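# Coordinate analysis (summary)
Here is how the chains run, residue by residue.
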Amino acid sequence: MVEWGSNEKQLVEMAQKTGKVPPALKRKPELFEDLRLVWEAFKTLSPARQYYNGAPQPIPLSEILAYCQMFEINDLEERREFAEFIIEMDTVFIAAVLKKSR
C-alpha cells in the first residue's frame, strides 16, 4: 500500500499506455479474495489513526471494535481474528512508513 496504494490507478494507466509495468506495481502483493473485506476494513480504519511528530500511530482498538459493531461482526472468535489481521497489517504499514522516512 505504501508504494502503490493511492497511485494504483495511475500506475495501471501508465502500464497500459507504455506497455511497461512500473516496479511498484510489480511488487504489489496479491490480495486473496477471502481477505478482501479485511483489506477494505483496513483502508476504512486507517484514517482513524493519530500521528505523533509526523509518525503514524496504531489504529486504536476502540476503532476496530466500533467497526465490528457497525458491520455486525458479532462472533467473539471472528472479532478476535479480524482484530489480529488489522493489527498485523497496521504494524507492517507503520514499519514501512517509518523505514521510508529514515
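Everything below is about the structure shown above.
This text gives an overview of the structure that appears in the document. (Residues numbered from 1 in each chain as written. Predicted model: local features only at pLDDT ≥ 70, side-chain atom pairs only at ≥ 80, totals over all residues. Heavy atoms only, no water.)

## Here's the deal with the overall build of the chain
Stated precisely, the cut-off is as follows: Working definition: helices are DSSP H or I runs of at least four residues, strands are E runs of at least two. Numbering for both runs from the N terminus. The cut-offs for exposure are 20% and 50% of the maximum accessible area for each residue type, with area from a 1.4 Å probe on protein chains only; residues under the lower value are buried, those over the upper are exposed, and the others partly exposed. When checking whether two residues touch, look at their non-hydrogen atoms; a contact exists if any pair is within 4.5 Å. In short, Shrake-Rupley with a 1.4 Å probe defines the accessible areas, and a residue's cover is counted only from the protein chains shown. Note on charges: Lys and Arg go in the positive column, Asp and Glu in the negative column, and His and the chain ends are not counted at all. To locate a charge, take atom NZ for lysine, CZ for arginine, CG for aspartate or CD for glutamate.
Secondary structure summary: the chain contains five helices and two strands in total. The linear arrangement of helices and strands in the chain, starting from the amino end, is α-α-α-β-β-α-α. Projecting the C-alpha coordinates of the chain onto the three principal axes gives extents of approximately 50 × 35 × 15 Å. When the 102 residues of the chain are sorted by exposure, 26% land in the buried category. Long-range contacts, defined here as pairs at least 24 residues apart, represent 46% of the contacts in the chain between residues at least 6 apart. Accessible surface, the chain: about 7700 Å² in total, of which carbon and sulfur atoms supply 56%. Separation of charge centres in the chain, based on 14 positive and 16 negative side chains, amounts to 13 Å.

## What to know about the packing of aromatic side chains
What counts, and what does not: Each Phe, Tyr or Trp ring, with Trp reduced to its six-membered ring, pairs with another whose centre is within 6.5 Å; inter-plane angles below 30 degrees give stacked pairs, above 60 give edge-to-face pairs, and intermediate values give tilted ones.
Following the criterion strictly, the structure yields four aromatic pairs and no others. Summarising the aromatic geometry, the rings of W39 and F42 are spaced 6.0 Å apart at their centres and angled 25 degrees between planes, so their arrangement reads as stacked. With W39 and F42 both in helix 3 (residues 36–45) and three residues apart, the pair spans about one turn of that helix. Each member of the pair, W39 as well as F42, carries the same accessibility label: buried. With a centroid separation of 4.5 Å and an interplanar angle of 35 degrees, the aromatic rings of Y67 and F71 are classed as tilted. Grouped by ring-pair contacts, the aromatic residues W39, F42 and F93 constitute a single cluster.

## Details of the packing of helix 3 against helix 4 (residues 61–70)
This is how it is decided: Only C-alpha atoms enter the line fits that serve as axes; for helices the fit covers just the stretch in contact. Angles between N-to-C directions range over 0 to 180 degrees. Between 65 and 115 degrees an angle is taken as roughly perpendicular, under 35 as roughly parallel, over 145 as roughly antiparallel, and anywhere else as oblique. The handedness criterion is simple: a crossing whose near helix is rotated anticlockwise from the far helix by less than a right angle is left-handed, and one whose near helix is rotated clockwise is right-handed. Just so you know the grouping, Ala, Val, Leu, Ile, Met, Phe, Trp, Tyr, Cys and Pro go in nonpolar, Asp, Glu, Lys and Arg go in charged, and all remaining residues, Gly too, go in polar.
Orientation of helix 3 relative to helix 4, taken along the N-to-C sense of each, is 125 degrees, at an axis distance of 11 Å. For the element pair helix 3 / helix 4, the angle class is oblique. Note that helix 3 runs across helix 4; the crossing there is right-handed. Where helix 3 abuts helix 4, its residues L37, A41, T44 and L45 lie against E63, I64 and Y67. Residue classes in the contact of helix 3 with helix 4 are distributed as five nonpolar, one polar and one charged.

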